[in-house]
Amino acid sequence: MQRVYLDNNATTPVLPEVFEAMRPYFGENFGNASSIHHHGQGTRAAVEDARESVAALLGCSASEVVFTSGGTESDNLAIAGLVKPGDHVITSSIEHHAVLHACKHLAEIGCEVTVLPVDGRGLVDPADVQRALRPTTKLISVMMANNETGVLQPVEAIGKIAAEAGILFHTDAVQAATKVAIDVKRIGCHALTISGHKIHAPQGVGALCVKKGTEIRPLLYGGRHERSRRAGTENVPGIVGLGCAAKMSKESLDRGDDRKLAALRDRLQQGILAQVDDAGVNGEGAARVPNTTNIRFDHIEGESLVIALDLKGLAVSTGAACSSGAIEPSHVLTAIGLRPDQARASIRFSLGKQTTDADIDFALALVPETVARLRDLSPKYKKQAVST
Ligand code: PLP
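Here the structure is a predicted model, which is why all the values come from computation and not from measurement. (Residues numbered from 1 in each chain as written. Predicted model: local features only at pLDDT ≥ 70, side-chain atom pairs only at ≥ 80, totals over all residues. Heavy atoms only, no water.)

## Some thoughts on the site of the ligand
Alright, step 1. Close to the ligand lie 13 residues, the nearest being Gly71, Thr72, Asp172, Ser195 and Lys198.
Alright, step 2. Between Gly71 and the ligand, the recorded distance is 2.8 Å, taken from a backbone N or O atom to an oxygen atom.
Alright, step 3. Here an oxygen atom of the ligand sits 2.6 Å away from a polar atom, N or O, in the side chain of Thr72.
Alright, step 4. For the ligand, whose unbound accessible area comes to 390 Å², protein coverage reaches 86%.
Alright, step 5. According to the grid-proximity analysis, the pocket containing the ligand is the largest pocket.
Alright, step 6. Counting residues per element, the shell around the ligand draws most heavily on helix H3 (residues 71–82), at three residues.
Alright, step 7. Taken together, the residues of the shell around the ligand sort by class into two nonpolar, eight polar and three charged. (Near = heavy atom within 4 Å. Polar contact = N/O pair within 3.5 Å; in protein donor to acceptor, adjacent residues only side chain to side chain. Areas by Shrake-Rupley, 256 points an atom, 1.4 Å probe, with all protein chains shown as cover. 1 Å grid on protein atoms, 1.4 Å probe; cavity = no way out; pocket = protein on both sides within 12 Å on 5 of 7 lines; lining within 4 Å. Sits in = over half its atoms within 2 Å of the grid points. Helix = DSSP H or I, 4+ residues; strand = E, 2+ residues; numbered from the N terminus. Nonpolar A, V, L, I, M, F, W, Y, C, P; charged D, E, K, R; others polar.)

So, in structure tokens, the structure goes:
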């Protein structure tokens, strides 16, 4: 059976080149990067090479890159590591739970947290950030690109506000990395998160770029790894994979591959909208990363559509989360003003570097027909169709 994967915002396949770069570090090139003998020197050199590649992708210096276990850890390190009880933190309602739940924990230990709303396109208004500032504000954490809608946030404007107010700024760039160019200096952030498995490196590795001079408390206590910012023996194969994927990402952005990705995404989006009534794009009107489109199919249960498409070989996702047996609508889509039923009727299509024209043809042949079949089965939709 043909299988097409359009859920790259959930995770991406490790590229063959990345896998090959990692392979020796599981075998002959083993060694603890902290050891001073031959084996340790080899892995240390590989880790430092990877650090250079990640730094080149983000526009920072290598010494500012801290390797972690992934996006969740990097977000937690930035948030818990930069504030203390009594501090005020500003974030947004559409952040990933790695940020929102970290901020919730801060509130429990005596920080004050302001969660800013977004507009109907899913955008944070920098004027809201400005208005939320208090004398005690220590940190602003607003993501660069949203994982569900792909909407790019005005991080440079927020960075300016932070700089003028002398406040720290963290941005979660997990879904921006490899899709758009990132330059930490232009953004003006003090900390920036990326995750390996969203950029065709393996799961379980990531990085936090921490601006020189920014004091950050570690989450983990142990050895002096990563210049005392992240204790624990480095995951050498993972870090090598992240470095290779970062290098390939930079080359691919320099070649303009993002425009090809956007063209594929646009063909998918337009093809679906041309064939399906009562459908719309969530986040329409805002700048988005080139690989993502989130489409609302009114009168559909998103979960049923995901399952029906999966049975035919197409992998996509809803932003819904299953909690205590009930399907909770996505907090991102409800934050942009969708009713719970509209949020549950929304599907995210996210392309990757491996996505081909043929994959888009496959999706275009499948999605409209499957939506029509599910709507035919829905008594609610039939009633509506008769009454209108
Ligand atoms: N931040 C964003 C925006 C994400 O999309 C994700 C993963 O979906 C994360 C953070 C967490 O990253 P990881 O899976 O590497 O912990």
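## As for the layout of surface pockets
Alright, step 1. Estimated volume of the largest pocket: approximately 530 Å³.
Alright, step 2. In terms of lining residues, the largest pocket is bounded by 33 residues, among which His96, His97, Asn147, Glu148 and Arg348 are the most central.
Alright, step 3. Broken down by secondary-structure element, the contributors of at least two residues to the lining of the largest pocket are H3 and helix H4 (97–108).
Alright, step 4. Looking at side-chain class alone, the lining of the largest pocket contains eight nonpolar, 19 polar and six charged residues. (Points joined across faces, edges and corners; volume = space filled by probe spheres on them.)

## A closer look at the sheet that holds strand S6 (residues 168–172)
Alright, step 1. Taken in spatial order, the seven strands of this open sheet run S2-S8-S7-S6-S5-S3-S4, and their pairing is mixed. Because the sheet does not close on itself, it has two edges, and the strands there are strand S2 (65–68) and strand S4 (112–116). Strand-to-strand twist across the sheet, computed as the mean angle between neighbouring axes with direction ignored, equals 20°.
Alright, step 2. With three bridges joining them, strand S5 (residues 137–141) and S6 adopt parallel strand pairing. Paired with Ser141 across the two strands is His170, which belongs to S6.
Alright, step 3. Packed onto the sheet, H4 meets strand S3 (88–92), S4, S5 and S6 and runs at close to 155° relative to S3. (Pairing = 2+ DSSP bridges. Axes fitted to C-alpha atoms, helices over the stretch in contact; angles between N-to-C directions. Contact = heavy atoms within 4.5 Å.)

## As for the pairing of S2
Alright, step 1. What you see with S2 is no split at all: Val65 and Phe67 on one side and Val66 and Thr68 on the other are buried throughout.
Alright, step 2. As paired elements, S2 and strand S8 (residues 206–210) share four bridges and run antiparallel to each other. Residue pairing for S8: Val65 is matched across the bridge by Cys209. (Buried < 20%, exposed > 50% of the residue type's maximum accessible area, 1.4 Å probe, protein only.)

## As for the pattern of salt bridges
Alright, step 1. Inspection of every chain in the model, using the stated rule, returns 21 salt bridges.
Alright, step 2. A salt bridge links Asp257 to Lys260, with the shortest nitrogen-to-oxygen separation between them at 3.5 Å. A residue pair is termed a helical-turn pair when its members lie 3 or 4 positions apart in one helix, as Asp257 and Lys260 do in helix H10 (residues 257–275) at three residues.
Alright, step 3. Here Arg265 ties to Asp266 by a salt bridge, and the two come within 2.8 Å at their closest N and O atoms.
Alright, step 4. A single network of salt bridges, built from pairs that share partners, joins Arg44, Glu48, Arg51, Glu226 and Glu234. (Salt bridge = Lys/Arg side-chain N within 4 Å of Asp/Glu carboxyl O.)

## A closer look at the packing of H10 against helix H14 (residues 357–377)
Alright, step 1. Two elements in contact, H10 and H14, have axes separated by 10 Å at closest approach and are oriented at 20°. Between H10 and H14, the interaxial angle falls into the category roughly parallel. Where H10 crosses over H14, the two elements pack in a sense that is right-handed. Facing H10, whose interface residues are Leu264, Arg267, Leu268, Gly271, Ile272 and Gln275, H14 presents Asp357, Ile360, Asp361, Ala363, Leu364, Val367 and Pro368. (Parallel < 35°, antiparallel > 145°, perpendicular 65-115°, else oblique. Left-handed = near helix turned anticlockwise from the far one by under 90°.)

## Some details on empty space enclosed by the protein
Alright, step 1. All told, the structure shown has one cavity of 30 Å³ or more when counted by the stated rule.
Alright, step 2. Empty space within the largest cavity amounts to approximately 80 Å³.
Alright, step 3. If you trace the largest cavity, you find it lined by Asn8, Thr12, Thr178, Lys179, Lys198, His200, Leu261, Asn291, Leu351, Gly352 and Lys353.
Alright, step 4. Class assignment of the residues belonging to the lining of the largest cavity gives a composition of two nonpolar, six polar and three charged.

## Points about the state of the cysteines
Linking two cysteines covalently through their sulfur atoms gives a disulfide.
Alright, step 1. Tallying each qualifying case throughout the model produces zero disulfides.
Alright, step 2. With no disulfide of its own, Cys189 lies closest to Cys209 among cysteine sulfurs, the gap being 6.3 Å.
Alright, step 3. Relative accessible area serves as the criterion here: at 6%, Cys189 is assigned to the buried category. (Disulfide = S-S within 2.5 Å.)

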